[in-house]
Amino acid sequence: MTDAQGFEALASLSSNPETAAPAEPKIDAQGRAYATGKRKNAIARVWIKPGKGQITINGRDQEVYFARPVLRMMIAQPLEVTDRLGQFDVVVTVEGSGLSGQAGAIRHGLSKALTHYEPGLRPVLKPHGFLTRDSRVVERKKYGKAKARRSFQFSKR
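Quick look at the structure, then. One numbering rule holds for all chains: residues counted from 1, following each sequence as written. Side-chain atom pairs in this predicted model are given and counted only at pLDDT of 80 or more, local residue features only at pLDDT of at least 70, and totals for whole chains, interfaces and linings cover all residues. Excluding hydrogens and water, the side-chain values take into account all heavy atoms of the structure.

**Describing the packing of helix H3 (residues 69-81) against helix H4 (residues 99-117)**
Link 1 in the chain: Between the N-to-C directions of two axes lies an angle of 0 to 180 degrees, each axis being a line fitted to C-alpha atoms and, for a helix, fitted only over the stretch in contact. To qualify as a helix, a DSSP run of H or I must reach at least 4 residues; to qualify as a strand, a run of E must reach at least 2; elements of each kind are numbered from the N terminus. Two numbers describe how H3 lies on H4: the axes approach to 8 Å, and their chain directions differ by 10°. When the interaxial angle is binned, H3 and H4 end up roughly parallel. Taking contact as the criterion, the partners of Leu-71, Met-74, Ile-75, Gln-77, Pro-78 and Leu-79 in H3 are, on H4, Leu-99, Ser-100, Ala-103, Gly-104, Ile-106, Arg-107, Leu-110, Ser-111 and Leu-114.
Link 2 in the chain: For the contact of H3 with H4, the class distribution of residues is 10 nonpolar, 4 polar and 1 charged. Geometric relationships in this document are graded by angle, where less than 35 degrees denotes roughly parallel, more than 145 denotes roughly antiparallel, 65 to 115 denotes roughly perpendicular, and other angles denote oblique. Any two residues whose heavy atoms approach within 4.5 Å at even a single point are treated as in contact. Gly is placed with the polar residues, together with every amino acid not listed as nonpolar (Ala, Val, Leu, Ile, Met, Phe, Trp, Tyr, Cys and Pro) or charged (Asp, Glu, Lys and Arg).

Below, the structure is given as structure tokens:
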């Protein structure tokens with residue numbers, strides 16, 4: 001095998017994302033796409049299927065579960081960016097962390113579920129950072145400190 005043949009073989013292996021065919025959708029027998037989203041200590045299991053835009057979180061409507069509009073807006077971001085608002089019914093079970101971490105986990109899981117349902121949406125969601133797991137977690141407390149980094153108040157006496 002000559003160097004030119006080896007180079008051509010190597011070039012054919014590397015695929016250009018623009019020319020590569022989109023991956024197959026991952027849809028179950030009920031017509032749903034599933035994904036898991038994580039943020040801080042929250043884990044969200046997200047199922048999406050075509051519908052009227054109903055979002056259910058732990059058996060409750062999103063307005064009841066997330067009273068703060070900022071958190072509801074955060075969840076809807078992937079649907080707004082992809083122009084799919086009102087096209088999918090979303091069912092979520094989420095546990096762990098607080099409301100903010102749970103909203104971030106749902107956004108992450110919803111973005112992944114959208115790419116499983118429609119692989120062509122990946123280039124739209126990726127630049128906004130919705131497919132990247134935010135790995136920041138709370139730093140552990142150290143001995144001799146009041147918190148992770150805060151020292152006790154110094155006194156001369």
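After that view, the rundown keeps rolling.
**Let's talk about the pattern of salt bridges**
Link 1 in the chain: By definition here, a salt bridge exists when the distance from a side-chain nitrogen of Lys or Arg to a carboxyl oxygen of Asp or Glu is within 4 Å. For the structure on display, the rule yields 6 salt bridges.
Link 2 in the chain: One salt bridge in this structure joins Asp-134 and Arg-39, with 3.5 Å as the shortest N-O distance. A residue pair is termed long-range when its members are at least 10 positions apart, and Asp-134 in the segment after helix H5 (122-125) and Arg-39 in strand S1 (residues 33-39) qualify at 95 residues.
Link 3 in the chain: You can call Asp-134 partly exposed: its relative accessible area is 24%.
Link 4 in the chain: Its salt-bridge partner being Glu-139, residue Arg-149 comes within 3.1 Å of it at the nearest N-O pair. Classification of residues uses two cut-offs on accessible area relative to the type maximum, computed with a 1.4 Å probe and protein chains only: under 20% is buried, over 50% is exposed, and between them is partly exposed.

**Some words on the packing of aromatic side chains**
Link 1 in the chain: To pair, rings of Phe, Tyr and Trp, with the six-membered ring standing in for Trp, must have centres within 6.5 Å; the planes then decide the type, stacked if under 30 degrees apart, edge-to-face if over 60, and tilted in the middle. Following the criterion strictly, the structure yields 3 aromatic pairs and no others.
Link 2 in the chain: When the ring of Tyr-34 is compared with that of Trp-47, the centres are 5.0 Å apart and the planes differ by 45°; the resulting orientation is tilted. Taken together, the residues Tyr-34 in strand S1 and Trp-47 in strand S2 (residues 42-50) connect sequence positions 13 residues apart.
Link 3 in the chain: Ring centres of Tyr-65 and Phe-66 lie 5.0 Å apart, and the angle between their planes is 85°; this geometry places the pair in the edge-to-face category. Neither residue differs from the other here; Tyr-65 and Phe-66 are each classed as buried.

**What about the nonpolar core?**
Link 1 in the chain: Take the buried residues of types Ala, Val, Leu, Ile, Met, Phe, Trp, Tyr and Cys, join any two whose side-chain atoms come within 4.5 Å, and each joined set is a nonpolar core. Core analysis: the biggest nonpolar cluster contains 29 residues, and Val-46, Ile-48, Ile-57, Phe-66, Val-92 and Ile-106 have the highest contact counts within it.
Link 2 in the chain: Here this core takes 7 residues from H4, the largest share from any one element.
Link 3 in the chain: Dropping the residues within four chain positions of it, Ile-57 is found in contact with Gln-62, Tyr-65, Phe-66, Ile-75, Val-92, Val-94 and Ile-106.

**A short note on H3**
Link 1 in the chain: A helix is expected to span 1.5 Å for every residue after the first. Taking 1.5 Å per residue as the helical rise, H3 with its 13 residues ought to reach 18 Å, and the 18 Å between its terminal C-alpha atoms agrees with that figure.
Link 2 in the chain: Remark: the principal bend of H3, roughly 40°, maps to Ile-75, with a proline, Pro-78, within the next four residues.
Link 3 in the chain: Three or more residues of H3 are buried, namely Leu-71, Met-74, Ile-75, Ala-76, Pro-78 and Leu-79.
Link 4 in the chain: Among the structural elements, strand S3 (55-57), strand S5 (88-95), H4 and H5 are those in contact with the buried residues of H3. Bend, at a single residue, is the angle you get between axes fitted to the 7 residues ending at that residue and the 7 residues starting at it.

**With respect to the side chain of Thr-115**
Link 1 in the chain: Looking at where Thr-115 falls in the secondary structure, it is placed in helix H4.
Link 2 in the chain: By relative accessible area, which is 12% here, Thr-115 ends up buried.
Link 3 in the chain: Nitrogen and oxygen atoms within 3.5 Å of one another constitute a polar contact, given that in protein one can donate a hydrogen and the other can accept it, and given that sequence-neighbouring residues count only through two side-chain atoms. Polar contacts involving the side chain of Thr-115 include one to the main-chain carbonyl oxygen of Lys-112, which spans 2.6 Å.
Link 4 in the chain: Excluding residues within four positions of it along the chain, Thr-115 makes contact with Arg-122, Leu-125 and Leu-131.

**Looking at the pairing of S1**
Link 1 in the chain: Only one face of S1 is buried, namely the one carrying Ala-33, Ala-35, Gly-37 and Arg-39, since none of Tyr-34, Thr-36 and Lys-38 on the opposite face is buried.
Link 2 in the chain: By definition, two strands form a pair when at least two bridges between them are found by DSSP. By the bridge criterion, 7 bridges tie S1 to S2 in an arrangement that is antiparallel. Across the sheet, the residue bridging to Lys-38 is Ile-43, located in S2.
Link 3 in the chain: The antiparallel pairing of S1 with S2 creates a hairpin that spans 2 residues between the two strands, and Lys-40 there sits at a positive phi of about 50°.

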